[in-house]
Amino acid sequence: MTLLDAVLSLSEAPARDEALQRILRALAQVTAADALSVLTAAEDGSVGVAAQIGLSPAALGMSFRPAEHPRLRRATLAAGPIRFLDPSEPDPYSGWLLGNPGEIHPIHACMAVPLHVRGRLAGLLTLDACDPDGLRGLLDDDARVFAGLCAGALRLDVGRGLVPVPEARHAIGATSGGPAPASRSAGMQRIEREIAVLAPLSVPVLVTGETGVGKELVARALHERSPRASRALVIVNCAAIPAQLVESELFGHRRGAFTGATTARAGRFEAAHGGTIFLDEIGELPLSAQAQLLRALQEGEIQPVGEDRARRVDARVVAATNRDLRREVAEGRFRADLFHRLWVYPICVPPLRERREDIPALCERFAAELAAGLGAARVDFTDPALRALTQGAWPGNVRELKNAVERAVLRRAITEGKSAAGRTLVLRREDVDAIDDSATERSLAPLIELPGERLLLADTPQEQPVEPLAEALERARREAFARAFRAANGNAATAGRLLGLSRSFAYKEAVRLGLIPPPAPRKR
């Protein structure tokens, strides 16, 4: 594979991605890079892996937001090749190199070249070498040549010639997949004004709202419009972390701190140092982790599991929840002091039913995204179809609307029975509700098989959702201790007797649960 082969691939390759792959193979012959990739720029500002060599196969199609990765952000703003010399900057491909599933050593060679088409950013060419001197033999001018070939390949599209490069937009209100057009509703315009004021500050922000309204997008906007935008935005789904691993995940641990801790590990707070950490579903955090989080907010300190000394960390906290935290505090599931520390300025994202004037623009945007994937020229809505979408209940909010629009586009493409490439799809009223969603949900209700029994969960009445056992036990434990200490007027010895426990254990557990303040530190 020679440079000539790479040049010829632009005219001989059957498709854009194959051309990119051939160019990377040619580049691999003249460098000592362990991994090469071409990322293409999407309309929402993210970049996705379109071709790669040396990465895990799962990396293909993986998407990054440059605002969350300092190196990618700098590369998208660069005028030419850029070499990364700061080992403190995380590499977005850590854990994805073939034969090297762990984190990439901080000292390694890394390079990126922006790809421009018609004066606009179309993507990035990246090279990584585990050997710190692995890219020294590649001259910047040579890198520009290969980048130019990649940019030419990005203009290829079978049967249609040149592909326009979309411009990124910066607004909020869609799903986690990306930003939306400017909102027409008063509620979302209010949030835009709130973000403009809060973004430059470092105060904690609590984002509230129903599931699917776009709370993560508010967090992204706060980060991307802040002075911390050049550093990382670390997103943590608190509900997805097992209760016993929350403290390790957030604050890190030292080697041997617990069974399975074979190496020391930095937590999410340290990864967000200098940037922003977004704690989604913060109401799901166990009480033990809430105490550490409070310390991080108040003192700017974290204490990794198993370590005796605290570490300083500078990370702005943005949290989100769909729970009523006031009620959680009243019922003993959320610390009151942490609630008040987070409640500096809450941003409440309104549900979609309260901002219906935004629905037409959202529908057009979601349809256009899927049309691009299908190769369709565009998607239009008939008035009855758009009216039905605008008047929908949408209990799942923007996320549910996006799914409904995508179903309608796919249904229309399937109904017409021919390729959508290059055509205009017109969505009709029957495309929007051709399937009775409630009937579908009933027919897909999960079954539980027990010896001699067959239970349909959809027909089983439930007064409240099932709670994970660990959380249910923790909540019951806290309620029992709270009742005992109230009955004992705060006396640990009396409360211990009521609970059948020793005074010292009752006292320590009440401190852990946040029911009584911890002892003041001794003066030295």
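Note: the structure precedes this text.
Residues numbered from 1 in each chain as written. Predicted model: local features only at pLDDT ≥ 70, side-chain atom pairs only at ≥ 80, totals over all residues. Heavy atoms only, no water.

(A) Molecular detail of the sheet that holds strand β12 (residues 316-321). Sheet architecture is open: five strands sit in the order β8-β9-β12-β7-β13, paired in parallel fashion. Edge strands, defined here as strands with exactly one partner in the open sheet, are β8 (233-237) and β13 (346-348). Averaged over neighbouring strand pairs, the angle between their axes works out to 20° when direction is ignored. As paired strands, β8 and strand β9 (residues 276-280) are joined by five bridges and run parallel to one another. For Asn 237, the partnering residue across the bridge sits in β9 and is Asp 280. The strands touched by helix α5 (residues 186-198) are β7 (205-208), β12 and β13; relative to β13, the strand with the most contacts, the crossing angle is about 155°. Running at roughly 165° to β12, helix α6 (residues 215-224) makes contact with β7, β8, β9, β12 and β13 of the sheet. (Pairing = 2+ DSSP bridges. Helix = DSSP H or I, 4+ residues; strand = E, 2+ residues; numbered from the N terminus. Axes fitted to C-alpha atoms, helices over the stretch in contact; angles between N-to-C directions. Contact = heavy atoms within 4.5 Å.)

(B) Looking closely at the pattern of salt bridges. Following the criterion strictly, the structure yields 30 salt bridges and no others. When the shortest N-O distance is used, the salt bridge between Arg 335 and Asp 337 registers 2.8 Å. Residue Arg 335 is classed as buried on the basis of its relative accessible area, which comes to 10%. The closest approach of N and O atoms between Arg 365 and Glu 369, which form a salt bridge, is 2.9 Å. Of this pair, Arg 365 and Glu 369 both sit in helix α12 (residues 359-374), four residues apart, which is roughly one turn of that helix. (Salt bridge = Lys/Arg side-chain N within 4 Å of Asp/Glu carboxyl O. Buried < 20%, exposed > 50% of the residue type's maximum accessible area, 1.4 Å probe, protein only.)

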